[in-house]
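# Summary of the model geometry
Okay, here's what each chain looks like letter by letter:
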There are 2 protein chains.
Amino acid sequence: MSAPAVLYHFAFHPGSRTARLALGEARVEFGEELVKPWEDDCPVIDLNPSGMPPVLTVTEKGKTLTLCEIDAILGWIEDRSKGDVLMPADIAERAEARRLTSWFNRRFIDEVDAVLLHERMEKPLLRLGPPEARMLREGRDALRTHLAMFEALAAGREWLAGRRLSQADLIAAGHLSVLDYFGEITWASYPALKTWYSKLKSRPCFRPLLTDRFPGVHPATWYADLDF
Amino acid sequence: MSAPAVLYHFAFHPGSRTARLALGEARVEFGEELVKPWEDDCPVIDLNPSGMPPVLTVTEKGKTLTLCEIDAILGWIEDRSKGDVLMPADIAERAEARRLTSWFNRRFIDEVDAVLLHERMEKPLLRLGPPEARMLREGRDALRTHLAMFEALAAGREWLAGRRLSQADLIAAGHLSVLDYFGEITWASYPALKTWYSKLKSRPCFRPLLTDRFPGVHPATWYADLDF
(Lines give C-alpha, C1' and ligand atoms only; values in the text may rest on other atoms or scores of the structure.)
Protein backbone atom coordinates (compact mmCIF):
# COMPACT_ATOMS: atom_id res chain seq x y z
CA MET A 1 0.00 0.00 0.00
CA SER A 2 2.95 2.37 0.34
CA ALA A 3 3.02 5.16 -2.23
CA PRO A 4 6.02 7.31 -3.07
CA ALA A 5 4.75 10.24 -1.07
CA VAL A 6 6.68 13.35 -0.05
CA LEU A 7 5.52 15.66 2.73
CA TYR A 8 6.66 19.28 2.60
CA HIS A 9 6.44 20.51 6.14
CA PHE A 10 7.79 22.78 8.85
CA ALA A 11 8.34 20.88 12.09
CA PHE A 12 6.74 23.51 14.36
CA HIS A 13 3.78 24.39 12.17
CA PRO A 14 0.68 22.84 13.82
CA GLY A 15 -0.98 21.72 10.57
CA SER A 16 2.29 20.19 9.38
CA ARG A 17 2.46 18.20 12.62
CA THR A 18 -1.11 16.98 12.14
CA ALA A 19 -0.16 15.77 8.65
CA ARG A 20 2.75 13.75 10.07
CA LEU A 21 0.51 12.27 12.77
CA ALA A 22 -2.25 11.37 10.32
CA LEU A 23 0.14 9.78 7.80
CA GLY A 24 1.68 7.84 10.66
CA GLU A 25 -1.70 6.64 11.96
CA ALA A 26 -2.65 5.52 8.43
CA ARG A 27 0.76 3.86 7.95
CA VAL A 28 1.49 5.78 4.79
CA GLU A 29 5.23 5.80 4.17
CA PHE A 30 6.50 9.22 3.17
CA GLY A 31 9.68 11.10 2.48
CA GLU A 32 10.15 14.52 4.06
CA GLU A 33 11.13 17.92 2.74
CA LEU A 34 11.69 20.32 5.61
CA VAL A 35 10.68 23.80 4.45
CA LYS A 36 10.88 27.34 5.79
CA PRO A 37 7.65 28.95 4.62
CA TRP A 38 8.89 32.46 5.42
CA GLU A 39 11.78 32.26 2.93
CA ASP A 40 11.43 33.55 -0.64
CA ASP A 41 12.71 30.36 -2.24
CA CYS A 42 10.53 27.97 -0.22
CA PRO A 43 9.58 25.15 -2.61
CA VAL A 44 5.99 25.16 -1.31
CA ILE A 45 5.39 28.46 -3.15
CA ASP A 46 5.41 26.54 -6.45
CA LEU A 47 3.12 23.82 -5.12
CA ASN A 48 0.44 25.62 -3.11
CA PRO A 49 -1.09 29.01 -4.04
CA SER A 50 -1.22 29.90 -0.34
CA GLY A 51 2.54 29.30 -0.09
CA MET A 52 2.01 27.33 3.10
CA PRO A 53 2.79 23.80 4.25
CA PRO A 54 1.71 21.10 4.64
CA VAL A 55 1.77 19.86 1.05
CA LEU A 56 1.86 16.16 0.22
CA THR A 57 2.82 14.97 -3.26
CA VAL A 58 1.93 11.41 -4.18
CA THR A 59 3.28 9.83 -7.33
CA GLU A 60 1.44 6.75 -8.59
CA LYS A 61 1.56 5.22 -12.08
CA GLY A 62 3.73 8.11 -13.29
CA LYS A 63 1.18 10.73 -12.23
CA THR A 64 1.72 13.16 -9.36
CA LEU A 65 -1.13 14.25 -7.15
CA THR A 66 -0.50 17.43 -5.13
CA LEU A 67 -2.43 17.70 -1.88
CA CYS A 68 -2.38 21.26 -0.53
CA GLU A 69 -3.43 22.12 3.03
CA ILE A 70 -4.09 19.78 5.92
CA ASP A 71 -7.79 19.27 5.01
CA ALA A 72 -6.87 17.84 1.60
CA ILE A 73 -4.28 15.54 3.19
CA LEU A 74 -6.72 14.30 5.85
CA GLY A 75 -9.43 13.82 3.21
CA TRP A 76 -7.09 11.85 0.94
CA ILE A 77 -6.05 9.58 3.81
CA GLU A 78 -9.69 8.99 4.73
CA ASP A 79 -10.72 8.32 1.12
CA ARG A 80 -7.95 5.78 0.49
CA SER A 81 -8.54 3.97 3.78
CA LYS A 82 -12.29 3.79 3.07
CA GLY A 83 -13.33 5.78 6.07
CA ASP A 84 -11.91 3.92 9.03
CA VAL A 85 -8.74 5.72 10.13
CA LEU A 86 -9.44 9.38 10.83
CA MET A 87 -13.21 9.57 11.09
CA PRO A 88 -15.51 7.63 13.43
CA ALA A 89 -18.38 5.63 11.94
CA ASP A 90 -20.95 7.12 14.32
CA ILE A 91 -22.86 9.99 12.73
CA ALA A 92 -22.82 12.21 15.85
CA GLU A 93 -19.10 11.62 16.41
CA ARG A 94 -18.40 12.51 12.78
CA ALA A 95 -20.27 15.80 13.28
CA GLU A 96 -18.32 16.46 16.48
CA ALA A 97 -14.98 15.70 14.81
CA ARG A 98 -15.85 18.18 12.07
CA ARG A 99 -17.02 20.82 14.57
CA LEU A 100 -13.72 20.52 16.43
CA THR A 101 -11.79 20.69 13.16
CA SER A 102 -13.48 24.03 12.43
CA TRP A 103 -12.84 25.15 15.99
CA PHE A 104 -9.10 24.64 15.64
CA ASN A 105 -8.95 26.00 12.10
CA ARG A 106 -10.48 29.29 13.15
CA ARG A 107 -10.90 29.92 16.86
CA PHE A 108 -7.77 28.26 18.18
CA ILE A 109 -5.53 29.66 15.44
CA ASP A 110 -6.98 33.19 15.80
CA GLU A 111 -7.03 33.36 19.59
CA VAL A 112 -4.00 31.26 20.60
CA ASP A 113 -1.58 30.45 17.78
CA ALA A 114 -1.72 33.87 16.13
CA VAL A 115 -0.84 35.47 19.47
CA LEU A 116 1.25 33.03 21.49
CA LEU A 117 3.06 31.20 18.69
CA HIS A 118 3.62 34.52 16.96
CA GLU A 119 5.42 35.86 20.04
CA ARG A 120 7.31 32.69 20.92
CA MET A 121 8.07 31.19 17.50
CA GLU A 122 7.57 33.56 14.58
CA LYS A 123 9.29 36.53 16.16
CA PRO A 124 12.62 34.74 16.70
CA LEU A 125 12.39 33.05 13.27
CA LEU A 126 11.66 36.31 11.46
CA ARG A 127 13.89 38.42 13.77
CA LEU A 128 11.01 40.62 14.81
CA GLY A 129 12.42 41.39 18.24
CA PRO A 130 11.58 40.07 21.72
CA PRO A 131 8.09 38.93 22.72
CA GLU A 132 5.72 41.50 24.19
CA ALA A 133 4.56 40.80 27.75
CA ARG A 134 1.05 42.06 27.03
CA MET A 135 0.63 39.74 24.04
CA LEU A 136 2.04 36.75 25.93
CA ARG A 137 -0.48 37.39 28.69
CA GLU A 138 -3.35 37.69 26.22
CA GLY A 139 -2.35 34.49 24.41
CA ARG A 140 -1.96 32.57 27.67
CA ASP A 141 -5.35 33.74 28.93
CA ALA A 142 -6.96 32.54 25.69
CA LEU A 143 -5.08 29.24 25.87
CA ARG A 144 -6.40 28.61 29.40
CA THR A 145 -9.97 29.14 28.20
CA HIS A 146 -9.50 26.69 25.34
CA LEU A 147 -7.76 24.12 27.54
CA ALA A 148 -10.61 24.26 30.07
CA MET A 149 -13.02 23.48 27.25
CA PHE A 150 -10.90 20.56 26.01
CA GLU A 151 -10.56 19.31 29.60
CA ALA A 152 -14.36 19.14 29.83
CA LEU A 153 -14.49 17.14 26.60
CA ALA A 154 -11.68 14.81 27.65
CA ALA A 155 -13.30 14.23 31.06
CA GLY A 156 -16.45 12.81 29.48
CA ARG A 157 -15.06 10.91 26.52
CA GLU A 158 -12.35 8.49 25.45
CA TRP A 159 -11.18 10.85 22.69
CA LEU A 160 -12.05 14.47 21.91
CA ALA A 161 -14.93 13.71 19.52
CA GLY A 162 -16.20 10.58 21.26
CA ARG A 163 -15.42 6.92 21.72
CA ARG A 164 -12.73 6.59 19.11
CA LEU A 165 -9.73 8.46 17.88
CA SER A 166 -10.49 10.90 15.07
CA GLN A 167 -8.84 13.65 13.09
CA ALA A 168 -9.94 16.05 15.85
CA ASP A 169 -7.41 14.42 18.20
CA LEU A 170 -4.62 14.71 15.65
CA ILE A 171 -5.44 18.33 14.88
CA ALA A 172 -5.55 19.16 18.60
CA ALA A 173 -2.24 17.34 19.10
CA GLY A 174 -0.66 19.28 16.22
CA HIS A 175 -1.43 22.56 17.98
CA LEU A 176 -0.95 21.55 21.61
CA SER A 177 2.35 19.74 21.01
CA VAL A 178 3.97 22.91 19.64
CA LEU A 179 2.75 24.90 22.64
CA ASP A 180 3.98 22.10 24.90
CA TYR A 181 7.46 22.30 23.37
CA PHE A 182 7.57 25.96 24.44
CA GLY A 183 6.44 25.01 27.95
CA GLU A 184 3.07 26.76 27.64
CA ILE A 185 0.88 23.93 28.95
CA THR A 186 0.59 23.28 32.68
CA TRP A 187 -0.71 19.73 32.39
CA ALA A 188 -1.33 19.35 36.13
CA SER A 189 -4.26 21.76 35.81
CA TYR A 190 -5.95 19.58 33.19
CA PRO A 191 -5.86 15.97 34.43
CA ALA A 192 -8.29 14.45 31.91
CA LEU A 193 -6.63 16.25 29.02
CA LYS A 194 -3.25 15.07 30.32
CA THR A 195 -4.46 11.46 30.19
CA TRP A 196 -5.72 12.04 26.65
CA TYR A 197 -2.39 13.59 25.63
CA SER A 198 -0.42 10.79 27.22
CA LYS A 199 -2.42 8.20 25.24
CA LEU A 200 -1.69 10.07 22.02
CA LYS A 201 1.97 10.60 22.87
CA SER A 202 2.44 6.84 23.30
CA ARG A 203 1.26 6.06 19.79
CA PRO A 204 3.97 5.27 17.22
CA CYS A 205 2.84 8.15 14.98
CA PHE A 206 3.85 10.62 17.70
CA ARG A 207 7.47 9.49 18.16
CA PRO A 208 9.05 11.54 15.35
CA LEU A 209 7.61 14.77 16.78
CA LEU A 210 9.35 14.21 20.09
CA THR A 211 12.80 14.53 18.53
CA ASP A 212 12.09 17.87 16.79
CA ARG A 213 14.25 20.73 18.02
CA PHE A 214 13.65 24.44 17.57
CA PRO A 215 16.79 26.54 16.98
CA GLY A 216 17.88 28.25 20.18
CA VAL A 217 15.00 26.95 22.34
CA HIS A 218 15.26 23.80 24.43
CA PRO A 219 11.98 21.91 24.76
CA ALA A 220 10.14 21.92 28.08
CA THR A 221 11.82 19.29 30.27
CA TRP A 222 8.76 16.99 30.05
CA TYR A 223 8.26 17.46 26.28
CA ALA A 224 9.65 14.09 25.15
CA ASP A 225 8.68 12.09 28.27
CA LEU A 226 5.93 9.55 27.77
CA ASP A 227 5.41 9.64 31.52
CA PHE A 228 5.18 13.39 32.17
CA MET B 1 -35.67 10.85 2.24
CA SER B 2 -36.78 14.14 3.83
CA ALA B 3 -35.83 14.51 7.48
CA PRO B 4 -37.32 16.99 9.92
CA ALA B 5 -34.33 19.29 9.71
CA VAL B 6 -34.09 22.88 10.98
CA LEU B 7 -31.38 25.28 9.83
CA TYR B 8 -30.41 28.10 12.18
CA HIS B 9 -28.93 30.75 9.97
CA PHE B 10 -28.33 34.42 9.31
CA ALA B 11 -29.22 35.31 5.72
CA PHE B 12 -26.08 37.41 5.06
CA HIS B 13 -23.56 35.16 6.78
CA PRO B 14 -21.52 33.46 4.01
CA GLY B 15 -21.35 30.04 5.71
CA SER B 16 -25.09 30.15 6.41
CA ARG B 17 -25.69 30.80 2.72
CA THR B 18 -23.48 27.85 1.77
CA ALA B 19 -25.54 25.65 4.08
CA ARG B 20 -28.78 26.71 2.33
CA LEU B 21 -27.23 26.10 -1.10
CA ALA B 22 -25.86 22.68 -0.13
CA LEU B 23 -29.15 21.54 1.46
CA GLY B 24 -30.93 22.74 -1.67
CA GLU B 25 -28.53 20.88 -4.00
CA ALA B 26 -28.99 17.72 -1.95
CA ARG B 27 -32.80 18.21 -1.88
CA VAL B 28 -32.94 18.02 1.88
CA GLU B 29 -36.12 19.70 3.07
CA PHE B 30 -35.54 21.97 6.03
CA GLY B 31 -37.29 24.46 8.23
CA GLU B 32 -35.57 27.77 8.97
CA GLU B 33 -34.80 29.70 12.13
CA LEU B 34 -33.46 33.14 11.25
CA VAL B 35 -30.99 34.15 13.95
CA LYS B 36 -29.01 37.26 14.89
CA PRO B 37 -25.69 35.90 16.15
CA TRP B 38 -24.70 39.24 17.72
CA GLU B 39 -27.67 39.23 20.13
CA ASP B 40 -27.34 37.87 23.65
CA ASP B 41 -30.40 35.64 23.40
CA CYS B 42 -29.49 34.09 20.05
CA PRO B 43 -30.66 30.45 20.23
CA VAL B 44 -27.44 29.28 18.52
CA ILE B 45 -25.52 30.01 21.74
CA ASP B 46 -27.17 26.96 23.33
CA LEU B 47 -26.48 24.75 20.32
CA ASN B 48 -22.94 25.59 19.22
CA PRO B 49 -20.03 26.41 21.57
CA SER B 50 -18.77 28.99 19.05
CA GLY B 51 -22.14 30.74 19.22
CA MET B 52 -22.19 31.02 15.43
CA PRO B 53 -24.49 29.82 12.68
CA PRO B 54 -24.97 27.75 10.64
CA VAL B 55 -26.34 24.98 12.85
CA LEU B 56 -28.56 22.23 11.47
CA THR B 57 -30.61 20.05 13.78
CA VAL B 58 -31.94 16.80 12.36
CA THR B 59 -34.49 14.75 14.26
CA GLU B 60 -34.84 11.12 13.24
CA LYS B 61 -36.41 8.29 15.20
CA GLY B 62 -36.87 10.57 18.19
CA LYS B 63 -33.16 11.46 18.35
CA THR B 64 -31.80 14.88 17.50
CA LEU B 65 -28.45 15.30 15.80
CA THR B 66 -26.91 18.78 16.07
CA LEU B 67 -24.56 19.74 13.26
CA CYS B 68 -22.46 22.77 14.17
CA GLU B 69 -20.47 24.77 11.58
CA ILE B 70 -20.65 24.54 7.81
CA ASP B 71 -18.03 21.74 7.58
CA ALA B 72 -20.19 19.42 9.70
CA ILE B 73 -23.26 20.23 7.61
CA LEU B 74 -21.43 19.64 4.32
CA GLY B 75 -19.91 16.41 5.66
CA TRP B 76 -23.32 15.14 6.83
CA ILE B 77 -24.87 15.87 3.43
CA GLU B 78 -22.01 14.07 1.68
CA ASP B 79 -22.19 11.08 4.06
CA ARG B 80 -25.93 10.58 3.64
CA SER B 81 -25.82 10.99 -0.14
CA LYS B 82 -22.99 8.45 -0.37
CA GLY B 83 -20.49 10.87 -1.86
CA ASP B 84 -22.15 12.08 -5.01
CA VAL B 85 -23.56 15.54 -4.31
CA LEU B 86 -20.89 17.87 -2.96
CA MET B 87 -17.62 16.13 -3.77
CA PRO B 88 -16.35 14.98 -7.19
CA ALA B 89 -15.32 11.35 -7.63
CA ASP B 90 -11.97 12.27 -9.18
CA ILE B 91 -9.14 12.18 -6.63
CA ALA B 92 -7.42 15.34 -7.90
CA GLU B 93 -10.69 17.26 -7.99
CA ARG B 94 -11.47 16.14 -4.45
CA ALA B 95 -8.08 17.52 -3.34
CA GLU B 96 -8.73 20.77 -5.18
CA ALA B 97 -12.22 21.13 -3.66
CA ARG B 98 -10.66 20.70 -0.22
CA ARG B 99 -7.84 23.16 -0.96
CA LEU B 100 -10.38 25.78 -2.04
CA THR B 101 -12.49 25.06 1.06
CA SER B 102 -9.45 25.89 3.20
CA TRP B 103 -8.72 28.94 1.06
CA PHE B 104 -12.16 30.40 1.75
CA ASN B 105 -12.21 29.35 5.40
CA ARG B 106 -8.99 31.23 6.11
CA ARG B 107 -7.63 33.48 3.40
CA PHE B 108 -10.87 34.84 1.98
CA ILE B 109 -12.44 35.39 5.39
CA ASP B 110 -9.32 37.05 6.79
CA GLU B 111 -8.49 39.25 3.83
CA VAL B 112 -11.90 40.11 2.40
CA ASP B 113 -14.88 39.30 4.66
CA ALA B 114 -13.24 40.47 7.89
CA VAL B 115 -12.49 43.83 6.25
CA LEU B 116 -15.15 44.53 3.64
CA LEU B 117 -18.15 42.75 5.20
CA HIS B 118 -17.16 44.19 8.56
CA GLU B 119 -17.35 47.71 7.15
CA ARG B 120 -20.46 47.22 4.98
CA MET B 121 -22.48 44.77 7.06
CA GLU B 122 -21.35 44.36 10.66
CA LYS B 123 -20.91 48.06 11.35
CA PRO B 124 -24.53 48.99 10.53
CA LEU B 125 -25.86 45.88 12.31
CA LEU B 126 -23.85 46.56 15.46
CA ARG B 127 -24.16 50.36 15.19
CA LEU B 128 -20.40 50.80 15.04
CA GLY B 129 -20.53 53.97 12.96
CA PRO B 130 -19.90 54.64 9.27
CA PRO B 131 -17.42 52.60 7.18
CA GLU B 132 -13.83 53.80 6.99
CA ALA B 133 -12.60 54.72 3.53
CA ARG B 134 -9.16 53.23 4.15
CA MET B 135 -10.59 49.86 5.20
CA LEU B 136 -13.02 49.78 2.28
CA ARG B 137 -10.07 50.40 -0.08
CA GLU B 138 -8.01 47.68 1.58
CA GLY B 139 -10.85 45.15 1.43
CA ARG B 140 -11.62 45.98 -2.20
CA ASP B 141 -7.96 45.62 -3.21
CA ALA B 142 -7.86 42.19 -1.54
CA LEU B 143 -11.15 41.20 -3.18
CA ARG B 144 -9.75 42.07 -6.64
CA THR B 145 -6.72 39.83 -6.02
CA HIS B 146 -8.95 36.93 -4.99
CA LEU B 147 -11.37 37.46 -7.89
CA ALA B 148 -8.47 37.46 -10.39
CA MET B 149 -7.40 34.09 -8.99
CA PHE B 150 -10.95 32.67 -9.22
CA GLU B 151 -11.24 34.09 -12.77
CA ALA B 152 -8.14 32.08 -13.74
CA LEU B 153 -9.70 28.93 -12.27
CA ALA B 154 -13.08 29.53 -13.93
CA ALA B 155 -11.43 30.22 -17.30
CA GLY B 156 -9.86 26.75 -17.39
CA ARG B 157 -12.58 24.63 -15.80
CA GLU B 158 -16.31 23.96 -15.82
CA TRP B 159 -16.50 24.52 -12.06
CA LEU B 160 -13.99 25.90 -9.56
CA ALA B 161 -12.46 22.55 -8.57
CA GLY B 162 -12.75 20.86 -11.98
CA ARG B 163 -15.28 19.24 -14.26
CA ARG B 164 -18.15 19.00 -11.84
CA LEU B 165 -19.87 21.08 -9.24
CA SER B 166 -18.45 20.65 -5.74
CA GLN B 167 -18.70 22.15 -2.28
CA ALA B 168 -16.00 24.64 -3.37
CA ASP B 169 -18.53 26.28 -5.71
CA LEU B 170 -21.17 26.51 -2.99
CA ILE B 171 -18.68 27.94 -0.50
CA ALA B 172 -17.47 30.49 -3.06
CA ALA B 173 -21.08 31.38 -3.87
CA GLY B 174 -21.87 31.84 -0.17
CA HIS B 175 -19.16 34.50 0.12
CA LEU B 176 -19.45 36.15 -3.30
CA SER B 177 -23.25 36.41 -3.23
CA VAL B 178 -23.13 38.51 -0.05
CA LEU B 179 -20.51 40.82 -1.58
CA ASP B 180 -22.62 40.96 -4.75
CA TYR B 181 -25.67 42.09 -2.77
CA PHE B 182 -23.61 45.06 -1.57
CA GLY B 183 -22.53 45.83 -5.14
CA GLU B 184 -18.88 44.97 -4.51
CA ILE B 185 -18.33 42.74 -7.56
CA THR B 186 -17.77 44.27 -10.99
CA TRP B 187 -18.63 41.16 -12.98
CA ALA B 188 -17.65 42.69 -16.34
CA SER B 189 -13.98 42.48 -15.26
CA TYR B 190 -14.23 38.71 -14.66
CA PRO B 191 -16.02 37.19 -17.68
CA ALA B 192 -15.29 33.51 -16.94
CA LEU B 193 -16.23 33.92 -13.28
CA LYS B 194 -19.40 35.71 -14.39
CA THR B 195 -20.36 32.71 -16.54
CA TRP B 196 -19.65 30.41 -13.58
CA TYR B 197 -21.77 32.58 -11.26
CA SER B 198 -24.61 32.76 -13.76
CA LYS B 199 -24.68 28.94 -13.99
CA LEU B 200 -24.89 28.71 -10.20
CA LYS B 201 -27.46 31.47 -9.92
CA SER B 202 -29.80 29.58 -12.29
CA ARG B 203 -29.88 26.49 -10.10
CA PRO B 204 -33.02 26.00 -7.98
CA CYS B 205 -30.93 25.96 -4.77
CA PHE B 206 -29.97 29.58 -5.39
CA ARG B 207 -33.46 31.06 -5.72
CA PRO B 208 -34.20 31.62 -2.01
CA LEU B 209 -30.99 33.71 -1.64
CA LEU B 210 -32.13 36.13 -4.30
CA THR B 211 -35.11 37.29 -2.23
CA ASP B 212 -33.06 38.06 0.91
CA ARG B 213 -33.10 41.72 1.91
CA PHE B 214 -30.68 43.48 4.25
CA PRO B 215 -32.30 46.16 6.48
CA GLY B 216 -31.68 49.62 5.03
CA VAL B 217 -29.61 48.48 2.05
CA HIS B 218 -31.11 47.79 -1.36
CA PRO B 219 -29.35 45.01 -3.26
CA ALA B 220 -27.23 45.89 -6.29
CA THR B 221 -29.61 46.39 -9.24
CA TRP B 222 -28.37 43.17 -10.89
CA TYR B 223 -28.38 41.08 -7.68
CA ALA B 224 -31.53 39.06 -8.39
CA ASP B 225 -31.24 39.02 -12.22
CA LEU B 226 -30.40 35.66 -13.74
CA ASP B 227 -29.24 37.55 -16.84
CA PHE B 228 -26.94 40.17 -15.30
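Cut-offs used in this document
- Residues numbered from 1 in each chain as written.
- Chains lettered and ligands numbered in written order.
- Predicted model: local features only at pLDDT ≥ 70, side-chain atom pairs only at ≥ 80, totals over all residues.
- Heavy atoms only, no water.
- Disulfide = S-S within 2.5 Å.
- Least-squares fit on C-alpha atoms with pLDDT ≥ 70 in both.
- Contact = heavy atoms within 4.5 Å.
- Domains from an automatic or database assignment.
- Buried area = accessible area lost by both parts, 1.4 Å probe.
- Salt bridge = Lys/Arg side-chain N within 4 Å of Asp/Glu carboxyl O.
- Polar contact = N/O pair within 3.5 Å; in protein donor to acceptor, adjacent residues only side chain to side chain.
- Helix = DSSP H or I, 4+ residues; strand = E, 2+ residues; numbered from the N terminus.
- Nonpolar A, V, L, I, M, F, W, Y, C, P; charged D, E, K, R; others polar.

The name given to chain A in an unreviewed UniProt entry is Glutathione S-transferase, with the source organism recorded as Brevundimonas bullata.

### Quick look at the state of the cysteines
Under the defined criterion, the tally for this structure stands at zero disulfides over all chains. Cysteine Cys68 of chain B is unpaired, with the sulfur of Cys42 of chain B as its nearest cysteine sulfur at 12 Å.

### Description of the relation of the copies chain B and chain A
The operation linking the two copies of the chain is a rotation about an axis combined with a translation along the axis. Superposing chain B onto chain A requires a rotation of 180° together with a translation of 0.0 Å along the rotation axis, leaving an RMSD of 0.0 Å. The symmetry that links the two subunits is that of a two-fold axis. Closest to the rotation axis within chain B is the C-alpha of Arg106 of chain B, separated from it by 3.7 Å. Most of the interface of chain B is mirrored in chain A: 100% of its interface residues are interface residues there too.

### Topic: the domain arrangement of chain A
All names here are of chain A. Under the domain assignment, chain A is made up of domain 1 (5–80) and domain 2 (91–203). Taken over C-alpha atoms, the centre of domain 1 sits 21 Å from the centre of domain 2. Contacts between domain 1 and domain 2 engage eleven residues on the former and 19 residues on the latter. Here domain 1 meets domain 2 over a buried area of about 1300 Å², counting both sides, of which 71% is carbon and sulfur. Of all residues in domain 1, the largest losses of buried area upon contact with domain 2 belong to Phe12, Pro14 and Glu25, amounting jointly to 41% of the total for that side. Where domain 1 packs against domain 2, one counts one salt bridge. One salt bridge connects Glu25 with Arg203, and the closest N-O pair in it is separated by 2.6 Å.

### A few points about the interface of chain B and chain A
Each side of the interface is counted separately: chain B has 27 residues, and chain A has 27 residues. Carbon and sulfur atoms make up 59% of the surface buried where chain B meets chain A, a total of about 2100 Å² over both sides. The largest contributions to the chain B side of the interface with chain A come from Arg98, Arg99 and Arg106 of chain B, which together make up 25% of the buried area. Remark: the boundary between chain B and chain A carries six salt bridges. For Arg94 of chain B, the salt bridge is made with Asp79 of chain A, and the minimal N-O distance between the two is 2.7 Å. Taken together, the connections running from chain B to chain A amount to 13 residue pairs in polar contact (both at pLDDT 80 or more). Taken together, the elements giving at least two residues each to the side of chain B that touches chain A come down to strand S4 (63–68), helix H2 (70–80) and helix H3 (91–126) of chain B. Considering every element that reaches the side of chain B that touches chain A, the biggest residue donor is H3 of chain B, with 13 residues. Per-class residue counts for the side of chain B that touches chain A are twelve nonpolar, six polar and nine charged.

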